[in-house]
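Chains, contacts and geometry: an overview
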Amino acid sequence: MKKKWMASILLAGAIFLGVNGVQTEKTYAKTKDDHIYQGISIDGIDISGDTKDEAQKKVDAYIKQLKEKQVTFKTELGTVSKSMEELGLSYTNKEVVSEAYSYGKVGNIIKRYKEQKDIEQNPVNLKLDKAISVKKVKTEIKESEDALGKEAKNATLKRENGAFQIIPEETGVAVDYKKSANDFKTYVNSQWDGTDIEFALSTVVDEPKYKSDALKEVKDVLGTYTTSFASSTSDRATNVATGAGHINGTVLYPGEEFSTYEKIAPYTYENGYRSGKAYSNGEVVDDIGGGVCQVSTTLYNAIIRSELEVTQRSPHSMIVTYVPLAADAAMAGTYKNLKFKNNTDSPIYIEGTAYNRTLTFTIYGKDTRASNREIKFRSETLETYQPGADIKKEDPTMMEGQMVVTQSAHTGYKAQLWKDIYIDGEKKDSVLVNTSTYQASPRRVTVGTKKPEVEKPKEESKEENPEDTTENGKQEENTTESTEKTEQQTTSSTSETADEVKTGEE
């Protein structure tokens, strides 16, 4: 009896499944398999009845709209607005459309039927897992840090009327980029409702590294040096004064490196420079900023007397006359630059003045050297190179025999600069500072190649007039005198031109 009862139950179950299977098939007939079932959405976007491609296009359009939304980042100092696209907005669950499409289409008949019925009663809204790029957020905020933060300012110095004045330090406000970016990422993924928003950034106090107390030690002269530019043209003198002015007042803290080029460049009219004489490929040429090498050279001599660490220095291609051999420092962009480090434990101050055609650099700091110790510098010539034969350039507009010196000859040298150390007036040591080589350059002259014109002989008259003969004789004498005067004038002009070029050289 019990067996018959169990069989009846199994038969009823089979009949029930069959009937429901027919019903499920009827439901599939009403909703095509290649469309998403009713009641399914993604982030509130209704995709019921859409194909996968149609649903994906709706999601893409929605993300595009979200990328146009504006985020206003703010601190206590200011605000800056960025679009979500600039912040790298995207979504990470790229399979979300496939997930929506699969509802009611995966599993056995009963499972599929049940899911369809559940959707009808409880619509499904799938969530897009939105994300931003932490790297892009950091980059975009940093680009606007002037509006959002305030850099701390170290205490600094200015020198007026021979006395130092301390300018106090200032604390700043800095954005905590890492924390702010990560907090914003979390907010976008879990709280953002897809509208324009304001977001407060995390900040920290930015403390200055050097305060007023450190600058009270800056009072000793570590080194000073002066050169003259009395023979310079007005434009070259302007360049020397301009370069010194750009350096004057520099405060360099312990361990910091100074680049002369970064301080005095660019060599433009807008930056105060004019055209002056400079060396280029063994020649003296006119160039904007000509004369700044005297600025770097004078500074170099103040630096080595302060015994600071020189990290880059180059000699001129040819000698200069305002310092001994090997005591110069050339400037040619960053290729030939003068750099040095503050290798002391205290800040240093650089004073540069150009007054009455003399240039002086003085470096102040805290002098810890022994009072009985003295240093002196000497130049030693190792080799001399003669300039060789003149380099001639022909000029067809000048008469034969005429010559103009366009550049004087330069003797070449190899030399060394030594630092001699004295204790209580007695020489104890010599340290090699540098070895420098200067190329020889021959004199450059322009010579005339124009031939004199030959006058055609005049036809003799048939009848000689004694008065004409006398008159012609006077004319020949006058012509001779005129030729002699012309030669004298040409010689005088050549000498003046050469002198002018010599005067204009560094």
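The following refers to the structure shown. (Residues numbered from 1 in each chain as written. Predicted model: local features only at pLDDT ≥ 70, side-chain atom pairs only at ≥ 80, totals over all residues. Heavy atoms only, no water.)

**A few points about the overall build of the protein**
This is how the line gets drawn: By definition, any uninterrupted DSSP run of H or I lasting at least four residues is a helix, any uninterrupted run of E lasting at least two residues is a strand, and each is numbered from the N terminus. Throughout, a contact is declared for two residues whenever any of their heavy atoms are within 4.5 Å. Surface accessibility follows the Shrake-Rupley procedure with a 1.4 Å probe radius. Residue values consider only the protein chains on display as shielding.
Looking only at helices and strands, one finds twelve helices and 27 strands in the protein. Expressed as a percentage of contacts within the protein between residues at least 6 apart in sequence, the contacts between residues at least 24 apart total 74%. Of the roughly 29700 Å² that the protein leaves accessible, carbon and sulfur atoms contribute 48%.

**Describing the nonpolar core**
Going by this rule: What makes a nonpolar core is a set of buried Ala, Val, Leu, Ile, Met, Phe, Trp, Tyr and Cys residues whose side-chain atoms join them at distances within 4.5 Å. When accessible area is computed with a 1.4 Å probe and restricted to protein chains, residues below 20% of their type maximum are described as buried, those above 50% as exposed, and intermediate ones as partly exposed.
Ile247, Leu299, Phe340 and Phe361 are the most contacted members of the largest nonpolar core, which totals 42 residues. Only strand 13 (220-228), helix 9 (234-247), helix 11 (292-306), strand 20 (348-355), strand 21 (358-365), strand 22 (373-385) and strand 25 (412-423) provide two or more residues apiece to this core. The greatest single-element share of this core, amounting to eight residues, is contributed by helix 11. Setting aside residues no more than four positions away along its own chain, Ile247 makes contact with Phe258, Thr260, Lys263, Ile264, Val295, Leu299, Ile350 and Phe361. Of all hydrophobic cores here, the second largest spans 40 residues; its members include Tyr37, Ala100, Ala181 and Phe184.

**Quick look at helix 5 (residues 134-143)**
Heads up, the rule is: This arc describes the spread of directions from the helix axis toward the C-beta atoms.
When helix 5 is considered as a whole, its buried residues turn out to be Val134, Val137, Glu140 and Ile141. All buried residues of helix 5 lie within an arc of 130 degrees about the axis, which places them on one face of the element. Exposed residues pointing more than 90 degrees away from the buried face of helix 5 are listed as Lys135 and Glu143. Residues of helix 5 that are buried sit in contact with strand 3 (70-74), strand 4 (79-83), helix 6 (145-148), strand 10 (172-175) and helix 7 (177-190).

**Here we look at empty space enclosed by the protein**
Defined as follows: Buried and open spaces are told apart on a 1 Å grid over the protein atoms alone, a cavity being a set of points where a 1.4 Å probe fits but cannot get out and a pocket being an open set with protein on both sides within 12 Å along at least five of seven lines. Residues with an atom within 4 Å of a point are the lining residues. Grid points are joined across faces, edges and corners, and a volume is the space filled by probe spheres set on the points. By the convention adopted, Pro, Cys, Tyr, Trp, Phe, Met, Ile, Leu, Val and Ala count as nonpolar, Lys, Arg, Asp and Glu as charged, and the other residues, Gly among them, as polar.
Taken as a whole and assessed by the stated rule, the structure comprises one cavity of 30 Å³ or more. Of the volumes computed, that of the largest cavity is approximately 30 Å³. Considering the residues around the largest cavity, the lining is formed by Ile319, Val320, Val323, Pro324, Leu325, Ala326, Asp328 and Tyr438. Here the lining of the largest cavity is composed, by residue class, of seven nonpolar, no polar and one charged.

**Considerations on the packing of helix 5 against helix 7**
Condition: Axes, fitted as lines to C-alpha atoms, cover a helix only where it is in contact. Angles between the N-to-C directions of the axes lie from 0 to 180 degrees. What sets the label is the angle itself: under 35 degrees gives roughly parallel, over 145 gives roughly antiparallel, 65 to 115 gives roughly perpendicular, and the rest give oblique. By convention the crossing between two helices is left-handed if the near helix lies anticlockwise of the far one by an angle smaller than a right angle, and right-handed if it lies clockwise.
One can describe the packing of helix 5 onto helix 7 by two numbers: an axis separation of 9 Å at closest approach and a directional angle of 125 degrees. On the basis of the axis angle, helix 5 is oblique to helix 7. The interaxial crossing formed by helix 5 with helix 7 has right-handed handedness. For the pair formed by helix 5 and helix 7, the contact residues are Val134, Val137, Lys138, Ile141 and Lys142 on the first element and Tyr177, Lys178, Ala181, Asn182, Phe184 and Lys185 on the second. For the contact of helix 5 with helix 7, the per-class residue count stands at six nonpolar, one polar and four charged.

**Let's talk about the environment of Gln312**
Counting through the fold element by element, Gln312 comes out in strand 18 (residues 309-312). Measuring from C-alpha to C-alpha, the distance between Gln312 and Asn337 comes to 6.4 Å, with 25 residues separating the pair along the chain. Sequence-distant contacts of Gln312, that is, excluding residues within four places in its chain, are made with Thr334, Tyr335, Lys336, Asn337, Leu338 and Lys339.

**Focus on the packing of aromatic side chains**
The line we're drawing: Here a pair means two rings of Phe, Tyr or Trp (six-membered ring of Trp) with centres within 6.5 Å. Their orientation is stacked below 30 degrees between planes, edge-to-face above 60, and tilted elsewhere. A ring is scored as having a charge over it whenever the NZ atom of a lysine or the CZ atom of an arginine sits within 6 Å of its centre and within 35 degrees of its normal.
Throughout the structure, instances matching the rule amount to eleven aromatic pairs. Summarising the aromatic geometry, the rings of Phe184 and Phe199 are spaced 5.1 Å apart at their centres and angled 70 degrees between planes, so their arrangement reads as edge-to-face. Of this pair, Phe184 sits in helix 7 while Phe199 is found in strand 11 (residues 197-200), placing the two residues 15 residues apart along the sequence. For the residue pair Phe184 and Phe199, the accessibility class agrees, reading buried in each case. These aromatic residues form a ring-pair network of at least three members: Phe73, Phe184, Tyr187 and Phe199. Over the aromatic face of Tyr91 sits the side chain of Lys94, whose NZ or CZ is 3.9 Å from the ring centroid. Its guanidinium or amino end placed over the ring of Tyr177, Lys142 lies 5.1 Å from that ring's centre, counting from NZ or CZ.

Interpretation note: all reported values are geometric properties and have no functional meaning in isolation.
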